[in-house]
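# Overview (structure and organization)
One-letter residues, chain by chain:
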Amino acid sequence: MKMLKFYQDRGLNIVKGKDQYVWDNQGNKYLDLHAGHGVAFLGHNNKTIIEYLKKQMEEIITLTPAFDTPIREEMLKELDTIKPENLDNVFLLNSGSEAIELAIKISRKITKRKKIIAFKNSFHGRTMGALAVTWNKKYREPFEPLIEPVEFLEYNNLDSLKKISDDVAAVIVEPVQGEGGVIPAKKEFMKALREITEKTGSLLIIDEVQTGFGRTGKIWAYQHFDIKPDILTAGKAIGGGFPVSAVFLPDWIGEKLEEGDHGSTYGGNPLATAAVTAACKVLKSENVPEQAREKGELFIKILKEKLEDFKSVREIRGLGLMIGIDLRFNPSTTIKILQDEKVLSLKAGLTVVRFLPPYLITQYDMEWASNAARKGISETERTKLAS
Ligand SMILES: *Cc1c(COP(=O)(O)O)cnc(C)c1O
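Since the structure is predicted, the reported quantities are computational estimates derived from the model, not experimental observations.

Cut-offs and rules
- Residues numbered from 1 in each chain as written.
- Predicted model: local features only at pLDDT ≥ 70, side-chain atom pairs only at ≥ 80, totals over all residues.
- Heavy atoms only, no water.
- Domains from an automatic or database assignment.
- Contact = heavy atoms within 4.5 Å.
- Buried area = accessible area lost by both parts, 1.4 Å probe.
- Salt bridge = Lys/Arg side-chain N within 4 Å of Asp/Glu carboxyl O.
- Polar contact = N/O pair within 3.5 Å; in protein donor to acceptor, adjacent residues only side chain to side chain.
- Helix = DSSP H or I, 4+ residues; strand = E, 2+ residues; numbered from the N terminus.
- Expected span 1.5 Å × (residues − 1).
- Buried < 20%, exposed > 50% of the residue type's maximum accessible area, 1.4 Å probe, protein only.
- Pairing = 2+ DSSP bridges.
- UniProt positions renumbered as here; feature names shortened; annotations may be inferred.
- Near = heavy atom within 4 Å.
- Areas by Shrake-Rupley, 256 points an atom, 1.4 Å probe, with all protein chains shown as cover.

### Describing the domain arrangement of the chain
Assigned domains of the chain: these are domain 1 (14-45 + 287-386) and domain 2 (47-285). A C-alpha centroid distance of 26 Å is found between domain 1 and domain 2. In this assembly, 26 residues from domain 1 lie in contact with 31 residues from domain 2. Each partner contributes to the roughly 2300 Å² buried at the junction of domain 1 and domain 2, and carbon and sulfur atoms together form 64% of this total. Among the residues domain 1 hides against domain 2, the three largest losses belong to L42, L319 and M322. Together they make up 29% of the total. Its salt-bridge partner being E179, residue R354 comes within 3.3 Å of it at the nearest N-O pair. Applying the counting criterion to the domain 1 and domain 2 interface returns 14 residue pairs in polar contact (both at pLDDT 80 or more). Elements with a contribution of two residues or more to the side of domain 1 that touches domain 2: α1 (35-38), α10 (288-307), β13 (313-319), β14 (322-327) and β17 (352-355). With four residues, α10 is the single largest residue contributor to the side of domain 1 that touches domain 2.

Right, dumping it as structure tokens:
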């Protein structure tokens, strides 16, 4: 049996993970700034997550949401302490894309409108609905027609927002575009977007699958912008490594949804629920958002000190522990050299090396990564000059 080649093979066989590190089958230790696309934000094999999962496994592994169960009550209490403001209703699903699907479905049902607005360079997932609001043509075009109509506007451009009219069901936006190139939204842009969607009666869906759960220095990234979403989607980090996603929404929307509007066999199963419960506890007891804010600032400072003299470094930017080094060339060779230096990272957009570190990253790790990036960029520059 062969695995389908949807991902480029990184040529490593990883056997173990602990905190911000992973080990390959040769015994090499890597600093993991890839973290499974940011999923391992609370660190690999976090002991609280493991403890909750183990305990739940001994009780019951599977149960449809039609039945109550103690771990669910415990999770709802935990979520109350970290939930997005006024979004008192939650539904759990299994992946970020599925959360987007539900958010889109709800916006159509609530507004009785069809059109969705998304932004250039957006990424919202690979299922047919999530893909329809994802910008990259390479991901999208072979599978069209997808859901319609969808219009893509310029991100961070206030003028482009004039195109939002009262036939728009929802606008979906990432507070920091992740896959598209680690591009933080401007505050004026997010505020204008909130105002316009309020005026047109369109729902504002904030996709925090990558930015949420402390990653950017606040529990939710929208909290940087002095606005509130109508619907918020979360995923990646929220289960401490366990596959789970969530859609949060307010009572006024929740009250209009009915039995049968949505469902999911595995959604909110007891293990996912235990994982989210534990993740909330870690988030609070370790002051994770605060650590992400401080460490993110330090990491960007160190990266700037070590890399800013390179002509090929266009910009070093980010928010909290979501960081990008924007280069003047394709970042693949640099990412490969980083890996040879035992630092795992990932690509974003066409030119960006992206770091999504676990919150446990230390100053020592940051220097290690920055020196590795220095080596990666200078070697890439040299081979470019030679060719
Ligand atoms: C990763 C991601 C998704 C899709 O999540 P999956 O779990 O891969 O389906 C959606 N939105 C954003 C912003 C993401 O980063």
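### A short note on helix α12 (residues 363-386)
Spanning 24 residues, α12 covers 34 Å between terminal C-alpha atoms, matching the ideal 34 Å at 1.5 Å per step. When we look at burial in α12, the residues that qualify are D365, M366, A369, S370, A372, A373, G376, I377 and T380.

### Points about the pairing of β13
Taken together, the six bridges between β13 and β14 define a ladder with antiparallel strand orientation. What sits directly across from L319, in β14, is M322. Count of turn residues in the β13/β14 antiparallel hairpin: two residues, of which G320 carries a positive phi of about 60 degrees.

### Considerations on the environment of T273
As for its placement among the helices and strands, T273 is situated in helix α9 (residues 270-285). Judged by its relative accessible area of 1%, T273 falls in the buried class. Sequence-wise, T273 and P250 are 23 residues apart; in three dimensions their C-alpha atoms are separated by 20 Å. The residues contacting T273, other than those within four sequence positions of it, are I71, R72, M75, L92 and G268. Here G268 takes part through its backbone oxygen, which lies 3.1 Å from a polar atom of the side chain of T273.

### So, the UniProt feature "binding site: substrate" (unreviewed entry) in the chain
Residues annotated by UniProt as "binding site: substrate" (unreviewed entry) correspond here to R126 and S264. Here R126 is in contact with S97, L131 and Y139, once residues within four sequence places are set aside. Within the secondary structure layout, S264 lies in the loop between α8 (251-254) and α9. Not counting residues within four places of it along the chain, the set of residues in contact with S264 comprises L93, N94 and E98.

### Observations concerning the pairing of β14
β14 sits mainly inside the fold: six of its six residues count as buried. Alternating positions in β14 separate into two faces, M322, G324 and D326 on one and I323, I325 and L327 on the other, with burial throughout. Strand direction decides the pairing type here: β14 and β17, joined by four bridges, are antiparallel. Bridging from a neighbouring strand, I323 pairs with F355 of β17.

### Focus on the UniProt feature "modified residue: N6-(pyridoxal phosphate)lysine" (unreviewed entry) in the chain
Here, the residues flagged by UniProt with the feature "modified residue: N6-(pyridoxal phosphate)lysine" (unreviewed entry) are K236. Among the secondary structure elements, K236 is positioned in the loop between β11 (231-234) and β12 (245-249). For K236, the contacting residues outside a window of four places in its chain are H37, V39, V209, Q210 and V244.

### What to know about the site of the ligand
Taken together, S95, G96, S97, F123, H124, G125, E174, D207, V209, Q210 and K236 make up the full set of residues near the ligand. Contact between the ligand and S97: an oxygen atom at 2.6 Å from a side-chain N or O atom of the residue. Separating a nitrogen atom of the ligand from a backbone N or O atom of F123 is a distance of 3.5 Å. Considering the ligand on its own, with 380 Å² of exposed area, one finds that the protein chains cover 82% of that surface.

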